[in-house]
Amino acid sequence: MTSAISVSGLVKTFGQTRALDGLDLSVDTGEVHGFLGPNGSGKSTTIRVLLGLLRADAGDVSLLGGHPWRDAVALHRRLAYVPGDVNLWPNLTGGEAIDLFGSLRGGLDKRRRTELIERFQLDPSKKARTYSKGNRQKVAVVAAFASDVELYILDEPTSGLDPLMEAVFQECVREVKHQGRTVLLSSHIFSEVEALCDRVSIIRQGKTVEAGTLAQLRHLTRTSISVETAHPITGLQEQTGVHDAQVDQTRAKFDVDSHELDHLLRYLTRFEVRTLTSAPPSLEELFMRHYGDELRENGLKAEATAR
Amino acid sequence: MSSFTGTGRLVRLAIRRDRIQLPLWILGTALFVPIVVASVRDRFPTDADRIEILRSAVASPALLVLRMAPTGASEGAMIMFSLLTYAAVLAGFMSTLAVVRHTRQNEETGRSEMVGATVVGRHAGLTAALIVVAGANIVLGGLVALALIGYDQPVAGSVGAGAGIAGAGLVFAGIAAIAAQIAQTSRAANGIAAAVVGVAYVLRGLGDALGQVQPDGYTVVSAWPTWLSPIGWVTEMRQYEGDRWWVLLLPLVTVVASVAVAFALTARRDVGMGMIQPRPGPAQATPALLSPLGLAWRLQRGTLFGWGVAMVVYGVAVGSLSQTVEDALGDNQGSVDTINKLAGGSNVDLMDAFFAAMMAIYGAMAAAYVVQALMRPRAEESSGAAEAVLATGTGRLTWLASHVAVAVGGAVLLLVLAGASTGLVAGLTGSDVGGNLVDLTGAALVQLPATLTLAGFAIAAFGLLPRLSVGLAWAAFTVSLIVGQLGELLGLPQAVRDISPFTHVPAVPAASATALPLIALTAVALALGAAGLALFRRRDIAL
């Protein structure tokens, strides 16, 4: 499998701020890749480097086999970009903006344009200054998906879209994926990433902290278990990998490290399991776990200032 | 809870935002006083000197258009002659820009929506803007008055000068407040307000040029158009020469009326909307839009049309004035040298000296347009729109060069329009339409290299220091204008005046067009522009 995007050791500084600090990212051709991280972690900066809008200070970046800075124009003909905050020209209509982006990208499928405008329920004859945020976002999304390109770079593309439009958007991503195209999807909507992405990269403070398939990442975290047995449960706390256990005779609730799950289930069977529910970790929990210490830190700070 | 709740907090916010900008405007304008006083004392120390120069000045309508109708030969009156109208214009622009910045710009960016959702009344935003601008004008007027008193000028006239300048600033603030209600974008509101300042200047100029020369031979009583102009009201106060305080009633009444209109409009319209309802547009783009150049043209054409209309109006006014100038001059060739010195020419024909002075104004106007047009790429960049375009198959050079092409082409067009309309009307009211048309269009185009030099500077600033480029480009324009067009008047040394590209423009048609300075200016412009393009290609996109 060839690589659509390959980034290693990417560094970008703005004055004193080190926005990207050795970031790695690898997106295979034909996959939908989720790009996650808290606000200000460097997602948009990475995307701007990939688009040749910012110049990397250090590190290797390759995009569709080319160099994003040197080959910017040639590469841009092969990709479509949806920014997180779409700024349109207030005196151009949405339809004009779609045509303009399509033509600057080197062509636009007229039939697909009509179809997408209908699916996204966009009024293309309105001036951009009268559009809401969601409608501006739709203009960029329609312009991107109406272009015949190999790679879609989507920076929080669904911010401001309603749930119906979110569903249409997910359909569109699946369609282009089906056609073998590549998508880099930066998003805060976990359900969207879980529904669409083959692999995800989680970044924090300009560094990649986790990358892999959702299954691989889940393996690194904990599963919540709630169990009822015939005999009182004993010694649960002493088992390796068990956390936050609450035992009440024959009932127990606890979290277990995913790689200890098998071992733990064997242990439970000796108490004769009556019912058992297990909740695999959601991407959200995974994310929260990675940023948990940051949250706690912030929480402590907030408490300290409150006092 | 009233519709004014929260005004105090918004005033503090506005002062915080403007803590550098407004003091610069105020000090920059007040700085005219010491410069002008030094120049007047140096060059025209006695009543006799002043009477001599004013006798020549009243024979030159071009000077009267640029300055004002002389009111007397006292040192104070001479200072007013050199200072008053420019200071009034600066106070006007300071005020209109500040009012729009704190009203329509906040609405356009959505800031006033956030502010409006807090405990803030409907009228608080506009009230705060007007309070801050009123404060700025009072400080400016006070500084001017104190500076003049400091230079031993009579107190009454000095206070009159400060009050008049502040009054003009406030009138334009009131007009900007109305413009901010009508227009939906801050660009449009600034455009309307700036056009009003321009019209006020031209009206006063016409009234002064068409005024009646008094029997003493060196003072002029302005004709009625001056009384229609807020800038005319300042000069009609006749500081140091009678001090007509009642004239101050005109700006006062106008301010109260325009502010009342602005408040009434605020109460009637929705936040974020203008008075003109948006209409639907085409659902598909025309092929003409679908290129970087097509987009640049689409984004810039409104500005160019506005300037085009202004240039033609001004050209027609100057052209129709030329016959009056010729009649007024008659065979008064005695004052030729002095006029030529003031108008910047070196030849003998007074008509040509008049046209040369007008061409310099066209050059300055075209330069102002080109700087404004070249700020568009920066606005596109900081709004994020450039990012979306540069993420397509559009290269950076193509993108920037498209905007430069529209700006430079626009400057050429404006100069042609101004020169041609002047020549056509001058020919129609006088004689030789064809000759005037060709000569004056050519004379206007002589200004192009200087205009392009400022364009080159703006591009270089954009390439090197994008975040500072707007301020740098306008500073370069202002310095060039003051040093180049007023340098001789202010008695600046030649080395300083040479900084300005306008200094090097031959005073065609008063002087013959020499190729060397024009080629040199063009070369500098091309070098700066090329450097700007190269720098932009290599730098990060800066939001």
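The preceding data block contains the structure.
Treat the numbers as computed from the prediction; the structure is a model and nothing was measured.

J.: Please provide a residue-by-residue account of the environment of valine 99 of chain B, values included.
T.: Residues and elements named next belong to chain B. By the secondary structure assignment, valine 99 is in helix α6 (residues 75–102). Once the C-alpha coordinates of valine 99 and alanine 176 are considered, the two residues, 77 residues apart in sequence, prove to be 6.3 Å apart. In this view, valine 99 contacts Ala129, Leu130, Val133, Ala173, Ala176 and Ala177; residues no more than four positions away in its chain are not counted.

J.: Before we move on, can you summarise the interface of chain A and chain B with the specific residues and values?
T.: Size of an interface, as often reported, equals the accessible area lost when the parts are brought together. Between chain A and chain B, the residue contacts involve 35 residues of the former and 38 residues of the latter. For the pair chain A and chain B, the two sides together bury roughly 3,100 Å², of which 57% comes from carbon and sulfur. Together, Leu53, Trp89 and Leu104 of chain A form the three largest contributors to the area buried by chain A at its contact with chain B, with a combined 21%. Summed over the shared surface of chain A and chain B, the number is three salt bridges. A salt bridge links glutamate 96 of chain A to arginine 298 of chain B, with the shortest nitrogen-to-oxygen separation between them at 3.0 Å. Between the two partners, chain A and chain B, sit 20 residue pairs in polar contact (both at pLDDT 80 or more). When residues of the side of chain A that touches chain B are traced back to their parent elements, those giving at least two are β1 (3–14), α2 (72–76), β5 (79–82), α3 (94–104) and α4 (110–119) of chain A. The residue inventory of the side of chain A that touches chain B, partitioned by class, reads 15 nonpolar, nine polar and eleven charged.

J.: I'd love a proper account of the sheet that holds strand β10 (residues 222–229) of chain A, names of residues and values included.
T.: Pairing between the strands of a sheet is mediated by backbone hydrogen bonds and can be parallel or antiparallel. All names here are of chain A. Pairing in this open sheet of four strands is antiparallel, and the strands run β11-β12-β10-β13 from one edge to the other. Each edge of the sheet is formed by a strand with only one pairing partner; in this case those strands are β11 (242–248) and β13 (273–279). Each strand axis lies, on average, 15° off the axis of its neighbour in the sheet, ignoring direction. Strand direction decides the pairing type here: β11 and strand β12 (residues 251–257), joined by five bridges, are antiparallel. Paired with aspartate 248 across the bridge in β12 is arginine 251. Together, β10, β11, β12 and β13 form the strand contacts of helix α9 (residues 261–269), whose direction differs from that of β12 by roughly 160°.

J.: Hey, could you go over helix α2 (residues 21–30) of chain B for me, with residue numbers and the actual values?
T.: All names here are of chain B. Every buried residue belonging to α2 is among Leu22, Ile26, Thr29 and Ala30, and all of these are buried. One side of α2 holds all its buried residues, which, seen down the axis, span an arc of 100°. Structural note: α2 exposes Leu24 and Leu27 on the side pointing more than 90 degrees away from its buried face. Of the surrounding elements, those touching the buried residues of α2 are α3 (32–43), α6 and α9 (124–150).

J.: Can you explain the packing of aromatic side chains? Please cite residues and give values.
T.: All names here are of chain A. Counted by the stated rule, this structure contains 13 aromatic pairs over all chains. Where tyrosine 267 meets phenylalanine 271, the ring centres are 5.5 Å apart and the plane angle is 75°; that geometry is what we call edge-to-face. Pair check on accessibility: tyrosine 267 and phenylalanine 271 agree, each one buried. One aromatic cluster is present, formed by Phe145, Tyr152 and Phe169 through successive ring pairs.

J.: With reference to specific residues and values, describe a nonpolar patch on the surface.
T.: A contiguous nonpolar surface patch, about 490 Å² in accessible area, is contributed by Phe457, Leu464, Leu465, Leu468, Leu472 and Leu535 of chain B. The topology assignment puts leucine 465 of chain B in the loop between α21 (448–464) and α22 (469–490).

J.: Summarise the pairing of β12 of chain A; cite the residues concerned and give the values.
T.: Residue and element names in this part refer to chain A. Pairing analysis gives seven bridges linking β10 to β12, with the strands arranged antiparallel. Each residue of the ladder has a partner; that of isoleucine 225, found in β12, is phenylalanine 254. The antiparallel hairpin formed by β11 and β12 contains two residues in its connecting segment, where glutamine 249 sits at a positive phi of about 55°.

J.: How would you sum up unusual backbone geometry? Please name residues and give values.
T.: Excluding glycine, residues mostly carry a negative phi; peptide bonds, for their part, are mostly trans. In this model, valine 508 of chain B is joined to proline 509 of chain B through a cis peptide bond whose omega is 5°. Take proline 509 of chain B: it is sitting in the loop between α23 (494–497) and α24 (515–538). Backbone geometry at glutamine 121 of chain A places phi at a positive 50°, although glycine is not the residue there. Assignment of secondary structure puts glutamine 121 of chain A in the loop between α4 and α5 (133–145). The backbone of glutamine 205 of chain A sits at a positive phi, close to 45°, despite the residue not being glycine.

Conventions used here
Residues numbered from 1 in each chain as written. Chains lettered and ligands numbered in written order. Predicted model: local features only at pLDDT ≥ 70, side-chain atom pairs only at ≥ 80, totals over all residues. Heavy atoms only, no water. Helix = DSSP H or I, 4+ residues; strand = E, 2+ residues; numbered from the N terminus. Contact = heavy atoms within 4.5 Å. Buried area = accessible area lost by both parts, 1.4 Å probe. Salt bridge = Lys/Arg side-chain N within 4 Å of Asp/Glu carboxyl O. Polar contact = N/O pair within 3.5 Å; in protein donor to acceptor, adjacent residues only side chain to side chain. Nonpolar A, V, L, I, M, F, W, Y, C, P; charged D, E, K, R; others polar. Pairing = 2+ DSSP bridges. Axes fitted to C-alpha atoms, helices over the stretch in contact; angles between N-to-C directions. Buried < 20%, exposed > 50% of the residue type's maximum accessible area, 1.4 Å probe, protein only. Arc of directions from axis to C-beta. Phe/Tyr/Trp six-rings, centres within 6.5 Å; stacked < 30°, edge-to-face > 60°. Patch = residues over 30% accessible without salt bridge, like charges linked within 9 Å, V, L, I, M, F, W, Y side chains within 5 Å. Areas by Shrake-Rupley, 256 points an atom, 1.4 Å probe, with all protein chains shown as cover.

Keep in mind these values describe shape, not function.
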